Amino acid sequence: MTTPRPFRVAVPQADLDDLRARLARTRWPDELPGAGWAYGVPKDYLTELAGYWRTGYDWRFHEARLNRIPQFTTTIDGQTVHFLHARSPEPDATPLIITHGWPSTVYDLLGILGPLIDPRAHGGDPADAFHVVAPSVPGFAFSGPTREPGWGVRRVARAWAELMRRLGYHRYGAQGGDFGSIVSPELARIAPDHLLGVHVNALANAATPIDPAELDALSPAERERARDNQRWWYGHSGYATQMSTRPQTLAYALNDSPAGQLAWNLEWFADWDPGESDQTPVERDAILTDVTIFWLTGTAGSAARLYYEAVPEAWGRRPARSPVPTAVANFPGDRAIRGLAELSSTVTRWTNHPRGGHFASLQAPDLLVTDIREFFRTLGPGR
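Since we're looking at a predicted model, the values are computed, not measured.

The rules behind the values
Residues numbered from 1 in each chain as written. Predicted model: local features only at pLDDT ≥ 70, side-chain atom pairs only at ≥ 80, totals over all residues. Heavy atoms only, no water. Helix = DSSP H or I, 4+ residues; strand = E, 2+ residues; numbered from the N terminus. Rg over C-alpha atoms; globule rule 2.2 N^0.38 Å. Buried < 20%, exposed > 50% of the residue type's maximum accessible area, 1.4 Å probe, protein only. Areas by Shrake-Rupley, 256 points an atom, 1.4 Å probe, with all protein chains shown as cover. Salt bridge = Lys/Arg side-chain N within 4 Å of Asp/Glu carboxyl O. 1 Å grid on protein atoms, 1.4 Å probe; cavity = no way out; pocket = protein on both sides within 12 Å on 5 of 7 lines; lining within 4 Å. Points joined across faces, edges and corners; volume = space filled by probe spheres on them. Nonpolar A, V, L, I, M, F, W, Y, C, P; charged D, E, K, R; others polar.

*Asks:* Sorry, what's going on with the overall build of the protein here?
*Replies:* Each helix and strand counted, the protein has 15 helices and nine strands in total. The C-alpha atoms of the protein give a radius of gyration of 20 Å, which matches the 21 Å a tight globule of 383 residues would have. By principal-axis analysis of the C-alpha atoms, the protein measures approximately 55 × 50 × 45 Å. Evaluated residue by residue, the protein yields a buried proportion of 56% over its 383 residues. Per element, the accessible surface of the protein, about 16,100 Å² overall, is 51% carbon and sulfur.

*Asks:* Help me understand the pattern of salt bridges in this model?
*Replies:* Between side chains of opposite charge, pairing is possible as soon as their charged atoms come close. Summed over the entire model, instances satisfying the criterion amount to 21 salt bridges. For Asp256, the salt bridge goes to Arg22, with nearest N and O atoms at 3.6 Å. Taken together, the residues span a long stretch of sequence, with Asp256 in helix α9 (residues 247–256) and Arg22 in helix α1 (residues 13–24) at a distance of 234 residues. The residue Glu48 makes a salt bridge to Arg284 at a minimum N-O spacing of 3.2 Å. Within this pair, whereas Glu48 is found in helix α2 (residues 43–55), its partner Arg284 is found in helix α11 (residues 284–297), the two being separated by 236 residues in sequence. Shared partners join several salt bridges into a network, and the residues in it are Glu224, Asp228, Arg231 and Arg335.

*Asks:* Mind showing me how you'd approach the layout of surface pockets here?
*Replies:* Where empty space is left can be seen by rolling a probe of water-molecule size over the atoms. The volume enclosed by the largest pocket comes to roughly 810 Å³. Looking at the largest pocket, it is lined by 36 residues, and the ones nearest its centre are Ala204, Trp232, Trp233, Tyr239 and Trp268. Among the elements of the structure, β7 (195–203), α7 (220–234), α8 (238–245) and α12 (300–315) are those that each provide at least two residues to the lining of the largest pocket. A per-class count over the lining of the largest pocket returns 20 nonpolar, 11 polar and five charged. Approximately 390 Å³ is the volume attributed to the second largest pocket. The dominant element in the lining of the second largest pocket, judged by the number of residues it contributes, is helix α10 (residues 258–269), at four residues. Residues belonging to the lining of the second largest pocket are distributed by class as follows: 10 nonpolar, five polar and five charged.

Below you can see the structure in the form of structure tokens.
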């Protein structure tokens, strides 16, 4: 069970037919006239997207796209772990493990894999090549559901260290966005001798202080930004509060209603008026592919449990400072503060990008790839 086994996505047609039938029977709620996005995802926005999901979206196209990348499963610490493993044609490529966040899946990474794996074929320098390992976080998609409590940030990071050991990678880099931006630095704390460097985007635990005393370590401008972030988070944290306190209650609704699950995932994919945001919109097929994967694997509730497990590790305390060089890429919509990030990471590179968004691999893949390349170029290849 520990030897990686080849894996392909092959969804029975009956499951797709059932999804479309459920969407057709959606019982839509009312909404206040003229409310826009103030109360959550507007009904007209959601009904249009759900209608396209039912009659226009082509799952088989995206299934085939996933299956073009070598996929495997293995068992680590009693849990099935699914992962993409795409080796570069460049023999001296640097191994890199990439961790997605919520409500994402490894599908979000497909647009950056080619340039990372084979820069020569994408107009880049072959010296910047990576062997990429991209696991599905336990509880998410094809690595789910989890079967026992305790799959928090540290346990996921330990599983990643074991996965890289099994694959024969002794020295490697780590990259991650959203929840991946918490897991990747934790991997550096667990296995610092194996990590060349850590690159993160959408840094999730450096926007607000965990302890009020942390404000003293910030510049006046950073303190004001931290207070602004706290005010912003109060109005946008409903989804996280529910998942970090009562994920099982939520699971019944998400597992029974595809329209409900779509609305829930949109809390983070589009929890703002797209017409007024400075973020680049995420293409609807990308959103729907992630939602479809959660629906078909029945893992929306299991993925939500990660928030419950991560509270004491990610938001209840500030992690110890990692000694591994760390780069932070900030895109529009991200709210990370360098002074807070430096409390738990050795930040050697900080870049603010003019376009993109929280889901940079979908919104600005070219900028993300360039940022990853430039950071690891300074660290030397892994062997």
